[in-house]
Structure formats: C-alpha cells, structure tokens
Amino acid sequence: MLRHLYRTVNLFDTAKSALFLCFLAGCSGQSGGGAPARGLIYYETYDPRSLDPALSTDVPTGEMVTLLFDGLTQFDPDGRLLPGLSDRWTSDRKGQRYVFHLRPGVSFHDGRPLVAADVQRSFLRVLNPASHGGRVWPLLPIAGGGDFADGRARDVRGMEVLGDTAIAFTLTEPLAIFPKFLAMPVASVVPSSVPDDLGQRPVGTGAWRFVGWQHDDYLRFARNSGYWGGAPLSESLTVRIIPEALTRAAEFLSGRISVVEIPFGETVRWEQEHPDWLKRKAALRAVYVPLNNRRGPLRDPRVRQAINHAVNVAEILRTVWNGRGALAAGAIPPTLGGSDPSRRPYAYDTTEARRLLRSAGYPNGFSVQLWRSGTNVEMGRVAQAIQSQLAAVGIRVEIVSRDASSMREAVRKGDTDMAITDWWADYPDADNFLYPLFHSASFGPGGNYAFYSDRVTDSLIVLARRTVDQSAREALYARIDNRIFDAAPWLYLWFAVDLWAEHPSIAGWDVPAIFNGQRWTKVRVAARR
C-alpha cells in the first residue's frame, strides 16, 4: 500500500517544520485554489533514488538531477536540443569525432570554475565498474567506453581533454544523434573532487542549489543567482513526495502544489470545471501491444495485420482512455521528425480481419494470452476491450494478470504471446522508437518485445544512425517506420497526450515533452489570473 501524504503531520512537532508548512500553503488558510504558494511547488510520486547523476536510473532522480546539474547539451520543454555547458560543438563529416567547447565563466555551486577535466572525470566516474552507477548506455558509444565499463581497460581512449575549454570524443562508429545522448541526466557534469555525500548533498552547476531533503516528504532548492543560463525567476522550488493521484489533485486545488497531472478518472470533470487551467501536450510515449513474432500464429504477418483490423482502437481510446491520445499509424510519435502524417492507422474492418485469418490458415481463429500488469487499472481496461473485440473474429484471448516486474520479465524472455505496455522516450528522436524497439540486437531486455527481426530494417536503422544530414535521416526514419508498420509486429494503439493543470498563481510553466526538459527557470508565482 502506498504511503499517505499526511505522514508529514509529524512536521508540526517543531516550530521550524511548522514554518515550512506555512511556506507551502501560503499561510492564508483558504482552499479551492485560493491559497497561492509563496514559492514554486512541484511533486514526485516517490522519493528519488539519489541526487547523484551517476545513479540516475528513474524519472524522479533524473528530474531532480536536471535541476541541480548540467550536461554538455540539454533539452527544452518541447524536446529541442540546445547548448548546455558546451556553447558549441563540431563533428567530422562522418559523425564519429565530436569536439565540445565549454562556455566561459561557468562555476559550480561551491565557486569552483568548470574546466574540461571535470567532464572527463565525470564520464569516467559513470563508466567506472567500481562506482556501481546507473544506466551508462549514453556514454558507451565513446571508443573504449564499453571496455572500461566492463573492467577490460584502464582508461577510455575515445576521450581527449583539449586544455581547460574543450573536450573531444571519438566514437566506436558514426552516430549522428550522439549530442542528444549527452543531454541525459547520467551525463551531467560533477566536480572533479567529488564529495563523499554527493548523492545527498549535491554540488552542480545547475539553475537550482540544494537546500535540504526530508526523505519521502520533500526536497528544497534555492535559485542559483549566478546561473549561466540566467537566474530562475522564483527564489525557491520545493518538490513534495505525494504518491497518490487523488491526493495530488486535492493539494493542487488547495493551492499547495503549483502544477498537477490530471488523474485519468477525473479527466471529464476537470475539462468541465477548470478548462482554463489545463495544458495539453503530445507525449513521447507509445501505448501498444507487442505481438511475439516468434510464437505460434503470430509468426504470420497476415495474422498480425488481422489483429490490427479487428480492434476498434478509436473507440477504446475514446471510451477507456478518455481521449487522451492520438491514434498510432506507426511507432514514431507525430511530433518527432520521421513520422509520416500521411500514413493512416489500420482501419477497423472485421471483414478484412477474417479474410486475412482465412488466408493465413486460421478460419476458426486461435487462442492466445494477453499479459497485463495487475496494478495498472487503465491498461487492464484496455486489455479487456481488446479481448472482447478479438473474440468477434474468432481470436480467443486469455488475460494474464501479473505484478509489473513478473510481467516485464516474462515479456523480455519472450514467454508471452501479447502484452499491453508502453514506451517512454529516453531522448527525443525517432531513433529511440526504432533501434530499441525493432532492431534485432535489441531483442528482449533491449526493448524489442515483439522479437521482430528483418535484415533490411536492421541495415536501414544503422544507416539512419550514421546519417549526419537531418532531413536525409528523417526520410530514412519514415521509410523504416513504414516498412515495420506493414509487417505489423505490434497491435498499434496510440500516442499518449499529457494533461496537466497549472495553478492560477503560476505563470511560465510548460509541460515537458521529455522528462528532463523542464528546469523551472522561467516559472514564477504571478498575480492571480
């Protein structure tokens, strides 16, 4: 059972804590949205793992690291790649050697100036097998990075410090999207002399300075007035730990948090009662059902196409998902380059579905299992709708409900026929929806849960990764996505649309398309709107 927010009532035991709660609520005693806070207040659904970039393996940790630290590059709320600690970079014609130049005058929160050696040591620290760090994949393209991470080398030969102001990276092979990898939280830069308690008392170059952390309750930050990107407009930012969705909504309405994601079950009510507060943004999140291309009837693309025709996805999106999505006609979200807006989703056509099943040798259908996470109510309802609609064309679906970890393990091993799941972007590029989800090197744990395998697709994905020209690369992405779509390795559902509310006392916040795209620097507590 999730811990309830009001375990924090113990804070009243001290005068200091009482003053903190007064800060949160604005000390006005009003409710129903009438108690604007004096500072910005965000939330996480659970406590971050750490505040050390090297241990950034989950969204709360990544979001907090983004407030405190910077990488050589960064994303804005719309997912655009921007300069970070590096104000410019160059690459060779192949996209295999990159030189990043550091912007002048950047200092850590303790006053130490940033130099190129800090970047090198930060990356070595992440890759060092003795550090027991997080997800190191953004740095593995660097030549020698994999050998160093596996303990087979004493250094990373592909990193070269060029004085105090620049650093060069030589990659194992060309990779045009490498600068986007360096915007990931794990690639954030820490001081060369790393404090022993960096994960609990971080020192970075970021827009916010660390103030305090009451585990499972809140984190406090103060603005970095000397931030190279311009000091945040607000003096403080508090991040509360609030596990329960309805509790978060209630706290928002009471003016005790600045923004909130609208609970699914509350969508219609909020749209009716508070339309002026709502913000929508297409998320880089695909909701889909991988069809195991190596199991039984699902090995035949005609069967997989029949499944897509047999499910009324538009109806399920409207009735079960509250319309919070855009129908998928491929695996690339429509906001990313490489998505083809002219491609249409599979049409709901049970006659065509039956024809395809007959041609594949299954005139009377067949039986399959559809796995789902027992803790995700919305996904469970989608699974039931799919079960009902496939029955109409003779496909008998048994729903298997397991806890999330057991389901994930079974899917990765290829022990499932079908499983309802989703994919959140790690970085805003179509490559993140192609290489991990469809390249044969990504089977199972890598993300290719459909076990889709096609040599032409593999070669085109590699070619796209090596193509420096953006327009040419996006044309390849569209070609790849179209080829995969025709093979129907998934039951294509939709791309989620995020729905948030911004409190009337807040101005300047934007829903981030990518989890580390919002730094809160341009957000302020404003006059009531």
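Let me sum up the structure you'll find in this document.

What about the pattern of salt bridges?
Link 1 in the chain: The full count for this structure, using the stated rule, is 25 salt bridges.
Link 2 in the chain: One salt bridge connects R302 with D300, and the closest N-O pair in it is separated by 2.8 Å.
Link 3 in the chain: The class of R302 is partly exposed, set by a relative accessible area of 33%.
Link 4 in the chain: Connected through salt bridges with shared partners, the residues D76, D78, R80, K281 and D510 form a single ionic network.

With respect to the sheet that holds strand β8 (residues 208–214)
Note on sheets: strands pair through backbone hydrogen bonds, and any given pair is parallel or antiparallel.
Link 1 in the chain: The strand order across the open sheet formed by four strands is β1-β10-β9-β8, and the pairing between neighbours is mixed. A strand with exactly one partner marks an edge of an open sheet, and here the two such strands are β1 (40–44) and β8. On average, adjacent strands in this sheet sit at an angle of 20° to one another, irrespective of strand direction.

What to know about the layout of surface pockets
Link 1 in the chain: By volume, the second largest pocket is sized at about 440 Å³.
Link 2 in the chain: Looking at the second largest pocket, it is lined by 23 residues, and the ones nearest its centre are D76, P77, R519, T521 and K522.
Link 3 in the chain: Residues that form the lining of the second largest pocket fall into these classes: ten nonpolar, seven polar and six charged.

Here we look at the side chain of T421
Link 1 in the chain: Among the secondary structure elements, T421 is positioned in strand β17 (residues 421–424).
Link 2 in the chain: Owing to a relative accessible area of 15%, T421 belongs among the buried residues under this scheme.
Link 3 in the chain: For T421, the contacting residues outside a window of four places in its chain are A286, V287, Y288, P290, M379 and M407.

What about the packing of helix α14 (residues 455–466) against helix α15 (residues 470–487)?
Geometry of a packed helix pair, given as the angle between the helix axes and the separation of the axes.
Link 1 in the chain: Packing of α14 against α15 brings their axes to within 9 Å, and their N-to-C directions diverge by 160°. The orientation of α14 relative to α15 falls into the category roughly antiparallel. Both α14 and α15 take part in a crossing whose hand is left-handed. Between α14 and α15, the contacting residues are V456, T457, L460, I461, L463 and A464 on the first element and R473, L476, Y477, R479, I480, R483 and I484 on the second.
Link 2 in the chain: Taken together, the residues that form the contact of α14 with α15 break down as nine nonpolar, one polar and three charged.

Describing the sheet that holds strand β5 (residues 97–102)
Link 1 in the chain: The four strands lie next to each other as β4-β5-β7-β6, forming an open sheet whose pairing is antiparallel. Each end of this open sheet is capped by a strand with a single partner; those strands are β4 (86–91) and β6 (159–162). Pairwise comparison of adjacent strand axes, ignoring direction, gives a mean angle of 20° for this sheet.
Link 2 in the chain: Pairing analysis gives five bridges linking β5 to strand β7 (residues 166–170), with the strands arranged antiparallel. Within the sheet, the bridge partner assigned to F100 lies in β7 and is I167.

Digging into the side chain of R343
Link 1 in the chain: Take R343: it is sitting in the loop between β13 (325–327) and α10 (350–359).
Link 2 in the chain: Given the relative accessible area of 9%, R343 is considered buried.
Link 3 in the chain: Separated by 3.3 Å, the side chain of R343 and the backbone oxygen of A478 make a polar contact.
Link 4 in the chain: In this structure the side chain of R343 is engaged in a polar contact, spanning 3.3 Å, whose partner is the side chain of N482.

Quick look at the nonpolar core
Link 1 in the chain: Among the nonpolar cores identified, the biggest contains 76 residues, and L72, F123, I142, F169, F178, L182 and W490 are the most heavily contacted of them.
Link 2 in the chain: With sequence-adjacent residues up to four places away left out, F169 is seen in contact with L72, Q96, R97, Y98, F100, V119, F123, I142, G158, M159, F178 and L182.
Link 3 in the chain: Residues Y227, I242, W277 and A501 belong to the second largest nonpolar core, which totals 41 residues.

Here we look at the environment of N322
Link 1 in the chain: Structurally, the position occupied by N322 is in the loop between α9 (313–319) and β13.
Link 2 in the chain: Residue N322 is classed as partly exposed on the basis of its relative accessible area, which comes to 29%.
Link 3 in the chain: The spacing of N322 and F264 is 58 residues in sequence and 7.2 Å in space, taken between C-alpha atoms.
Link 4 in the chain: Setting aside residues no more than four positions away along its own chain, N322 makes contact with F264, T267 and L317.
Link 5 in the chain: In this structure the side chain of N322 is engaged in a polar contact, spanning 2.9 Å, whose partner is the backbone oxygen of F264.

What about α14?
Link 1 in the chain: Compared with the 16 Å implied by 1.5 Å per residue over twelve residues, the 17 Å span of α14 between its first and last C-alpha is a close match.
Link 2 in the chain: Taken as a whole, α14 has its buried residues at T457, D458, L460, I461, A464 and R465. Seen from one end, α14 has its buried residues packed into an arc of 170°, which puts them on one side.
Link 3 in the chain: Those residues of α14 hidden inside the fold are in contact with α5 (178–181), α13 (435–438) and α15.

Considerations on helix α12 (residues 404–413)
Link 1 in the chain: Among the residues of α12, those classed as buried are M407, A410 and V411. Projected down its long axis, α12 shows its buried positions confined to an angular sector of 100°, all on one face.
Link 2 in the chain: Following α12 by one or two positions, G414 has its phi on the positive side, about 80°.

Some remarks on empty space enclosed by the protein
Link 1 in the chain: A complete count under the given rule lists six cavities of 30 Å³ or more for this structure.
Link 2 in the chain: If you add up the space inside the largest cavity, you get close to 100 Å³.
Link 3 in the chain: When residues of the lining of the largest cavity are assigned to their parent elements, the largest contribution, three residues, is made by helix α2 (residues 59–68).
Link 4 in the chain: Each residue belonging to the lining of the largest cavity can be placed in one class, and the counts come to seven nonpolar, two polar and one charged.

A few points about the pairing of β7
Link 1 in the chain: Buried residues dominate β7, accounting for four of its five residues.
Link 2 in the chain: Relative to β7, β6 runs antiparallel, the two being bridged by four bridges. Its bridge partner being in β7, E160 is matched across the sheet by A168.
Link 3 in the chain: Between β6 and β7, which pair antiparallel in sequence order, lie three residues; one of them, G163, sits at a positive phi of approximately 70°.

Here we look at the packing of aromatic side chains
Link 1 in the chain: Following the criterion strictly, the structure yields 29 aromatic pairs and no others.
Link 2 in the chain: Relative to W490, the ring of Y288 lies with its centre 3.7 Å away and its plane at 20°, an arrangement referred to as stacked. Here W490 lies in strand β18 (residues 490–502) and Y288 lies in strand β12 (residues 278–290), a separation of 202 residues in the sequence.
Link 3 in the chain: Taking 5.5 Å as the distance between ring centres and 65° as the angle between the ring planes, the aromatic pair formed by Y362 and F366 counts as edge-to-face.
Link 4 in the chain: Ring pairs connect the aromatic residues Y288, Y346, F438, Y452, F485, W490 and Y492, which therefore count as one cluster.
Link 5 in the chain: Its end group placed over the ring of Y435, R465 keeps NZ or CZ at 4.0 Å from the ring centre.

What counts, and where the lines are drawn
Residues numbered from 1 in each chain as written. Predicted model: local features only at pLDDT ≥ 70, side-chain atom pairs only at ≥ 80, totals over all residues. Heavy atoms only, no water. Salt bridge = Lys/Arg side-chain N within 4 Å of Asp/Glu carboxyl O. Buried < 20%, exposed > 50% of the residue type's maximum accessible area, 1.4 Å probe, protein only. Pairing = 2+ DSSP bridges. Helix = DSSP H or I, 4+ residues; strand = E, 2+ residues; numbered from the N terminus. Axes fitted to C-alpha atoms, helices over the stretch in contact; angles between N-to-C directions. 1 Å grid on protein atoms, 1.4 Å probe; cavity = no way out; pocket = protein on both sides within 12 Å on 5 of 7 lines; lining within 4 Å. Points joined across faces, edges and corners; volume = space filled by probe spheres on them. Nonpolar A, V, L, I, M, F, W, Y, C, P; charged D, E, K, R; others polar. Contact = heavy atoms within 4.5 Å. Parallel < 35°, antiparallel > 145°, perpendicular 65-115°, else oblique. Left-handed = near helix turned anticlockwise from the far one by under 90°. Polar contact = N/O pair within 3.5 Å; in protein donor to acceptor, adjacent residues only side chain to side chain. Core = buried A, V, L, I, M, F, W, Y, C linked by side-chain atoms within 4.5 Å. Expected span 1.5 Å × (residues − 1). Arc of directions from axis to C-beta. Phe/Tyr/Trp six-rings, centres within 6.5 Å; stacked < 30°, edge-to-face > 60°. Lys NZ or Arg CZ within 6 Å of the ring centre and 35° of its normal.

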